[in-house]
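Examination of the molecular architecture
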Amino acid sequence: MVNYNGELLAGDKAIFTHSNRAIKYGDALFETVRYVNGTLFFWEDHYFRLMASMRILRMEIPMEFTLEFLEEEIKNTIESNGLHNRAVRVRLTIFRNEGGLYTPSTNDVSYVIEADPMESSFYTIQDKDYEVELFKDHYVNKDMLSNLKSTNKLLHVVAGVYAQENGYANCLLVNTDKKVVEAINGNLFLVKENVVKTPPLSDGCLDGIIRKNLMEIITGSEEFELVEESISPFELQKLDELFITNSIVGIQPISKYRKKEFDTKVAKSLVGKLNARARIGG
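Since we're looking at a predicted model, the values are computed, not measured.

Considerations on helix α3 (residues 67-80)
For α3, spanning 14 residues, the distance from its first C-alpha to its last is 20 Å, which sits close to the expected 20 Å at 1.5 Å a residue. Within α3, the full set of buried residues consists of L67, L70, E73, I74, T77 and I78. Burial along α3 is one-sided: seen end-on, the buried residues are contained in an arc of 140°. Among the residues trailing α3, G82 stands out with phi positive, at a value near 65°.

Shown next, in the form of structure tokens:
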């Protein structure tokens, strides 16, 4: 079952017409949230990022779109799929309603909520090969739109095809200044001794929820020093560790980039702190 504007519909039921703006123009935003046994991980962070993103895109925010309303709609969708006692991947998509060409005739919005079961209840790190390569055919723009979690992800799609064709687990994306900004599906963190480094939002990376929370964990730690600055591709082969973060996986260590193989010690120490924060903060 999927939730379309509060109506629960069969997953195979047609919802959109050919005039849907998410399809025609990528005029949509989405949040992907991990749910476990009644708790939406980092839900307040997801909600406030979504509201801020809607304002940036000049979408009209409905009066009923409160934190509590959307949480209840998500949980109703999970319940309707019989997944309330499971780990669930939730996707909430907000799109501008039909009308207009590039310039919309309305700023009113609709929403769709999807729920799919997952195996693991909490963030875990598996010791497995995870090799990445730079994707340099197209570049991430250094602007605020690149920070948004929108459905305009053609660059990421093409990079995913490139990774698949060449046997890589993922690709690292670079911006127009040739700085490394993120992976296909998440933010990037580098580790050298006790320094943990991540690109700034001004370089064009996603304003990620796990990025935000992990930065706060690292800042409050006595073990590590957090640095937020641009990353040159030449740095990548001089690191101790390299890992990707997103709301579903949590922390994904990279095992290899070209001839360099990486450790996972810091990633493993941080995942426990991330789970604790998710359980406390929801």
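Structure's up, so let's keep going.
Considerations on the environment of N187
Assignment of secondary structure puts N187 in strand β10 (residues 187-192). N187 sits in the buried class, given a relative accessible area of 2%. For the pair N187 and E98, spaced 89 residues apart in the sequence, the C-alpha separation amounts to 32 Å. Discounting chain neighbours no more than four positions away, the residues touching N187 are E182, C205, L206, G208, R211, F243, I244 and T245. A distance of 2.8 Å separates a polar atom in the side chain of N187 from the backbone oxygen of L206.

Digging into the packing of aromatic side chains
What the rule picks out here adds up to 12 aromatic pairs. With 6.5 Å between their ring centres and 85° between their planes, Y4 and F16 make a pair best called edge-to-face. Of this pair, Y4 sits in strand β1 (residues 2-4) while F16 is found in the loop between β2 (7-9) and α1 (21-25), placing the two residues 12 residues apart along the sequence. You can call Y4 partly exposed: its relative accessible area is 23%. By relative accessible area, which is 39% here, F16 ends up partly exposed. Note on F189 and F243: the rings are 5.5 Å apart at their centroids and 10° apart in plane angle, and the pair reads as stacked. Of the two residues, F189 sits in strand β10 while F243 sits in strand β13 (residues 241-246), which places them 54 residues apart along the sequence.

A short note on the state of the cysteines
As enumerated under the stated definition, the model contains 0 disulfides in all. You can see C171 has no disulfide; the closest cysteine sulfur is in C205, sitting 17 Å from it. For C171, a relative accessible area of 0% corresponds to the buried category. Accessibility expressed as a relative area gives 0% for C205, which makes it buried.

Brief notes about a nonpolar patch on the surface
A cluster of nonpolar residues, I56, M144 and L145, forms a patch on the protein surface that exposes about 280 Å² of accessible area. Mapped onto the elements of the fold, M144 is located in helix α4 (residues 144-147).

Calculation notes
- Residues numbered from 1 in each chain as written.
- Predicted model: local features only at pLDDT ≥ 70, side-chain atom pairs only at ≥ 80, totals over all residues.
- Heavy atoms only, no water.
- Helix = DSSP H or I, 4+ residues; strand = E, 2+ residues; numbered from the N terminus.
- Expected span 1.5 Å × (residues − 1).
- Buried < 20%, exposed > 50% of the residue type's maximum accessible area, 1.4 Å probe, protein only.
- Arc of directions from axis to C-beta.
- Contact = heavy atoms within 4.5 Å.
- Polar contact = N/O pair within 3.5 Å; in protein donor to acceptor, adjacent residues only side chain to side chain.
- Phe/Tyr/Trp six-rings, centres within 6.5 Å; stacked < 30°, edge-to-face > 60°.
- Disulfide = S-S within 2.5 Å.
- Patch = residues over 30% accessible without salt bridge, like charges linked within 9 Å, V, L, I, M, F, W, Y side chains within 5 Å.
- Areas by Shrake-Rupley, 256 points an atom, 1.4 Å probe, with all protein chains shown as cover.
- Salt bridge = Lys/Arg side-chain N within 4 Å of Asp/Glu carboxyl O.

By themselves, these observations are geometric and do not establish any function.
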